[in-house]
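One-letter residues, chain by chain:
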Amino acid sequence: MKIYLVGGAVRDTLLKQTVVDKDYVVVGSSIEEMLAQGYQQVGKDFPVFLHPKTQQEYALARTERKTGKGYQGFSCDANKDVSLADDLLRRDLTINAIAQESDGTLHDPYHGIDDIHAKVLRHVSDAFIEDPLRVLRVARFAARFHHLGFTIAAETLQLMTDIANSGELDHLTPERVWQECDKALSSQSPQIFFDVLKQSQALAVLFPEIDALFGVPQPEKWHPEIDTGIHTLMVLEQTSLLSDNKAVRFAALVHDLGKALTPKQDWPKHYGHGQKGLSAIKALCQRIRVPNEYRDLALLVSDQHQNIHNAFELRAETIVKLFDKGDFWRKPQRLTELLLCCHGDLRGRTGFEKVPYPQAEYLQHCYQLASNVDVQSIIAAGYQGSQIKGQLQLKRTEVINNYKIQHIECN
């Protein structure tokens, strides 16, 4: 039997990227032989094993045949006669279909190295269309390698579009859709993931709430880009430059879903869109199993981003109520996350990409002043029960109001 390093480890080495996981393919062996050598079988549908010492994954070379719907509808053949080229042929992209021997010798039957040099994401064979998950995977690779200059081959994008129009995407599990989305959110250019899904017509199938934003106009005075869908991707891009927190990036992505619910007769204005979007965010998060942490921040951002933008006009008591509603007294990081999203929202407009966001510093200072109010002194003054909370709010409002007056005088 022969063992080859395959997939991402080979690709990332050639791209001079950090190698995280190493996967191996075993040619000319069998399940019985692998077990006899101490490997632990972990794959039920596919012959995948863990090395007895390193715990790295080793899979028998295999071919696949489409037998049903979705990405799980395959039968697998892993007999000893399956060659390395046969195994690599079933992979998604040419850059992922390169194998390496222990001495460094590369096997590249489908010209993945050429595509690495050309910075092209290209499918290996027409069997690409049999697995709907590949639409998401290619979109994710496009987001991951966008900063290196990679683009998707036109013929591959066409196959992705064919899959989107075939109904196969409906057979993807919510968990797998979210898994790919979550990985894309950790990439350097997550907005490209959703842009590619839009180009391939998959966005309307998998993320209809986001797709519905495209074609919805906004006031040109505040949004020179006009289109809400374009604005949304710009906001995600700008927020990602400010933070690598995936929950923050997700909240930025969905902060304007309510604009798709504005009646057309009201366009290009979108009164109350933050509150209108709450139901759409909940529906999206429930459908694809978004973690509660992401969902809760997204709801907060949608609900409050207009207030944050108008921070200097807010009354002191309104600011205290905002802090109460966000539960910032117990979760101060939530305020920071909210402000990052709002800064990204401001910058996610044509011509506004470098503007500062003084509202963030202002509200952080308000929060610090309010947090420093001494509860014990209120208790010592004889207040009890609900009176304590009332006095605490009054004092917090007072210190913020004093700062607000000073801020106005200084500006």
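Residues numbered from 1 in each chain as written. Predicted model: local features only at pLDDT ≥ 70, side-chain atom pairs only at ≥ 80, totals over all residues. Heavy atoms only, no water.

**Observations concerning the overall build of the protein**
For the protein, the helix and strand inventory stands at 19 helices and eleven strands. Along the first, second and third principal axes, the C-alpha set of the protein runs to 85 × 50 × 35 Å. Within the protein, the proportion of its 411 residues that are buried is 49%. Within the protein, contacts between residues at least 6 apart in sequence are counted, and of these 64% link residues at least 24 apart. Of the accessible surface of the protein, which amounts to about 19,500 Å², a share of 50% is contributed by carbon and sulfur atoms. Positive and negative side-chain charges in the protein, numbering 46 and 52 respectively, have mean positions lying 5 Å apart. (Helix = DSSP H or I, 4+ residues; strand = E, 2+ residues; numbered from the N terminus. Buried < 20%, exposed > 50% of the residue type's maximum accessible area, 1.4 Å probe, protein only. Contact = heavy atoms within 4.5 Å. Areas by Shrake-Rupley, 256 points an atom, 1.4 Å probe, with all protein chains shown as cover. Lys, Arg positive; Asp, Glu negative; His and termini not counted. Charge placed at Lys NZ, Arg CZ, Asp CG, Glu CD.)

**Some points on the packing of aromatic side chains**
With the rule as written, the count across this model stands at 15 aromatic pairs. Seen from their ring centres, Trp 178 and Phe 250 are 5.7 Å apart, and the 90° between their planes marks the pair as edge-to-face. Here Trp 178, found in helix α7 (residues 174-185), pairs with Phe 250, found in helix α12 (residues 246-254); they are 72 residues apart in sequence, far enough to count as distant. Classification of Phe 250 by relative accessible area gives buried; the value is 1%. Taken together, a centroid distance of 5.6 Å and an interplanar angle of 25° make the contact between Tyr 362 and Tyr 403 stacked. Residue Tyr 362 is found in helix α17 (residues 358-371), and its partner Tyr 403 is found in helix α19 (residues 386-410); the two are separated by 41 residues along the sequence. Side by side, Tyr 362 and Tyr 403 carry an identical accessibility label, which is buried. Each residue in the set Phe 323, Phe 328, Trp 329 and Tyr 367 is aromatic and connected to the rest through ring pairs, giving one cluster. (Phe/Tyr/Trp six-rings, centres within 6.5 Å; stacked < 30°, edge-to-face > 60°.)

**What to know about the pairing of strand β1 (residues 2-6)**
Where β1 lies against strand β2 (residues 23-27), five bridges are found, and the strand directions are antiparallel. Bridge pairing in β2 links Val 6 to Asp 23. In this structure, β1 lies alongside strand β8 (residues 99-100), joined through two bridges in antiparallel fashion. Within β8, the residue paired with Leu 5 across the bridge is Gln 100. (Pairing = 2+ DSSP bridges.)

**Some points on the UniProt feature "domain: HD" (unreviewed entry) in the protein**
When the UniProt feature table is mapped to this numbering, "domain: HD" (unreviewed entry) covers residues 228-329. As annotated, residues 228-329 has a helix share of 67% and a strand share of 0%, and its two end C-alpha atoms lie 33 Å apart. (UniProt positions renumbered as here; feature names shortened; annotations may be inferred.)

**A short note on the environment of Leu 50**
Mapped onto the elements of the fold, Leu 50 is located in strand β4 (residues 48-50). With eleven residues separating them along the chain, Leu 50 and Tyr 39 place their C-alpha atoms 5.6 Å apart.

**Thoughts on the packing of helix α11 (residues 228-242) against helix α16 (residues 332-347)**
For the pair α11 and α16, the least separation of the axes is 7 Å and the interaxial angle reads 130°. Here α16 runs oblique to α11, going by the angle between their axes. At the point where α11 passes α16, the crossing takes the right-handed sense. In this structure, α11 uses His 231, Val 235, Gln 238, Thr 239 and Leu 242 to contact α16, whose residues at the interface are Leu 340, Cys 341, His 343, Gly 344, Asp 345 and Arg 347. (Axes fitted to C-alpha atoms, helices over the stretch in contact; angles between N-to-C directions. Parallel < 35°, antiparallel > 145°, perpendicular 65-115°, else oblique. Left-handed = near helix turned anticlockwise from the far one by under 90°.)

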